[in-house]
Amino acid sequence: MATIKRREGTSGISYLIRTSCGYDASGKQVMRSMTWKPAQGMSERQIQKELQRQAVLFDEKCAAQGVGGGNIKFEVFARQWLEEYAKPQLRPRTVARLYQLQDRIYAGIGHIRLDKLNARHIQSFINNLNEEGVSLKGAKATLKIDMVAHLHTQNMNRKEFAEKAGVSRSIVSSVCKGESTTISTAEKIAKALGKEVKALFNVEKSSGKLSPKTIPHYLSFISSVMDYALHMGIVAVNPCKQVVLPSSAKVERECYTLDEAQHFLDSLDAAPTKYRAFFILAIYGGFRRGELLGLEWRDIDFDGQIIHVQRTSQYLKERGTFTDETKTEGSRRTLKLPTVVFDVLRQHRAEQAEERLKMGDRWQDTGRLFVHQDGTPMHPNTPYHWLKRFCESTGQRFLGIHAFRHLNASLLINSGVDAKTVSSSLGHSQVTTTLNIYAHTFAEAQARASEAVADLLNKKTGTA
């Protein structure tokens, strides 16, 4: 609401009209003002009426032109948003993902002022992300030298080399085994060895196109920044609301069949107990990988056959392995699982106790179910790489750890479990999330139920 101040001078009476235009990026309130002079011969009543009209018009004009402080460039404000809001409010892995997105965003729209940034700018940027040649991350690099032998000549083990190169131990192990890695990782390894990438790796180029799942993350980043600017009173609207994401063909979610799941469970009999426990929990409980790695023995109720999900275990290069909160509030849940799960867990607990005695003072008691040989929390990539090698050695299809979560959901749905119960079991914050992800599975289950009803009615009709 504008304020009005009467002023008298040598040129006569005038009025100063001032209105607040919100706050700039530093939190300082921005004011705009105008001067209005009444025409000669106007009565006091006419002056007051026109003065109020001018104040309302000025308020509307300021709102239409944009809020004060919008002359700051998008990149500058986005970096402030990351420090002021994202870091204190969001989960560490989410913040790390935002930092991975920022360079491409700043290159595209970072130079544009907030008050000039419109839907056309953002739409053009999003459309460009869908073009060929945008991404270099799809390229893969595979070692063409014997890394193990090379490290031996350098009197360096994998852990020491991982620290020198700035990558995780699991990445070094996978590269040494001949598994492909990203170009950025290959560059770090080559730099640590003082070699050129081409001298160490065979590089396989990709189409250079971003994944359809990745593009929405860029729009979400920009929209979050603009929402913050809107909340701070720096802009009047968020132009991201008018942006349309490029359409992409819906990829059918791959999932193990019931026969494949049974065969996998049977093959686990020959696996180490630790990994047998991990993947039996994944199949029967539908847990996320971070939830499994975050489980502690105090979360296991052997008498009631109940498992409590209280935390997750995550990894960031700058922090290492760390304990984090669950993905959502709904992810903190309690599940009752069958006896077969707890039989394996008892065996795993007994073997871990023996390992603890062998290690003696070298054992670090973290209370976790899934740990390294010294008791420290298992790296999130360790079960992934183990599963990949296990599937290759046993001739089974490898779909990754998350596929067991989808398997669990599919089994629940096809068993006739309602959507709300499935959602609660999976730890989704909303039932709509479950319905969106597994819409096809629910539709198939509903179709089979309808066929069953039809069969029953047909039998009744035939008997009649």
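Residues numbered from 1 in each chain as written. Predicted model: local features only at pLDDT ≥ 70, side-chain atom pairs only at ≥ 80, totals over all residues. Heavy atoms only, no water.

A look at the pairing of strand S4 (residues 140-143)
Here is step 1: Burial of S4 is one-sided: the residues Ala141 and Leu143 facing one way are buried, the residues Lys140 and Thr142 facing the other way are not.
Here is step 2: Relative to strand S5 (residues 181-182), S4 is paired through two bridges, and the arrangement is antiparallel. Bridge pairing links Lys140 to Thr182 in S5.
Here is step 3: Where S4 lies against strand S6 (residues 201-204), four bridges are found, and the strand directions are antiparallel. Of the residues in S6, the one forming a bridge with Lys140 is Glu204. (Buried < 20%, exposed > 50% of the residue type's maximum accessible area, 1.4 Å probe, protein only. Helix = DSSP H or I, 4+ residues; strand = E, 2+ residues; numbered from the N terminus. Pairing = 2+ DSSP bridges.)

Points about helix H10 (residues 215-231)
Here is step 1: Between its first and last C-alpha atoms H10 spans 25 Å; for 17 residues at 1.5 Å apiece the expected length is 24 Å, and the two agree.
Here is step 2: Along H10, the residues classified as buried are Ile215, Tyr218, Leu219, Phe221, Ile222, Ser223, Val225, Met226, Tyr228 and Ala229.
Here is step 3: Packing partners of the buried residues in H10 comprise helix H2 (74-89), helix H3 (92-109) and helix H4 (119-129).
Here is step 4: Two residues or fewer past H10, Gly233 is found with a positive phi of approximately 80 degrees. (Expected span 1.5 Å × (residues − 1). Contact = heavy atoms within 4.5 Å.)

Things to note about the sheet that holds S6
Here is step 1: Pairing is antiparallel across the open sheet formed by three strands, whose spatial order is S5-S4-S6. A strand with exactly one partner marks an edge of an open sheet, and here the two such strands are S5 and S6.

Quick word on the packing of helix H6 (residues 158-165) against helix H7 (residues 169-176)
Here is step 1: It is the contact of H6 with H7, at a shortest axis distance of 8 Å, that shows an interaxial angle of 110 degrees. Judged on the interaxial angle alone, H7 and H6 are roughly perpendicular. Handedness of the crossing formed by H6 with H7: right-handed. Across from Arg158, Lys159, Phe161 and Ala162 in H6, the residues of H7 making contact are Arg169, Val172, Ser173 and Cys176.
Here is step 2: Looking at the contact of H6 with H7, its residues break down into four nonpolar, one polar and three charged. (Axes fitted to C-alpha atoms, helices over the stretch in contact; angles between N-to-C directions. Parallel < 35°, antiparallel > 145°, perpendicular 65-115°, else oblique. Left-handed = near helix turned anticlockwise from the far one by under 90°. Nonpolar A, V, L, I, M, F, W, Y, C, P; charged D, E, K, R; others polar.)

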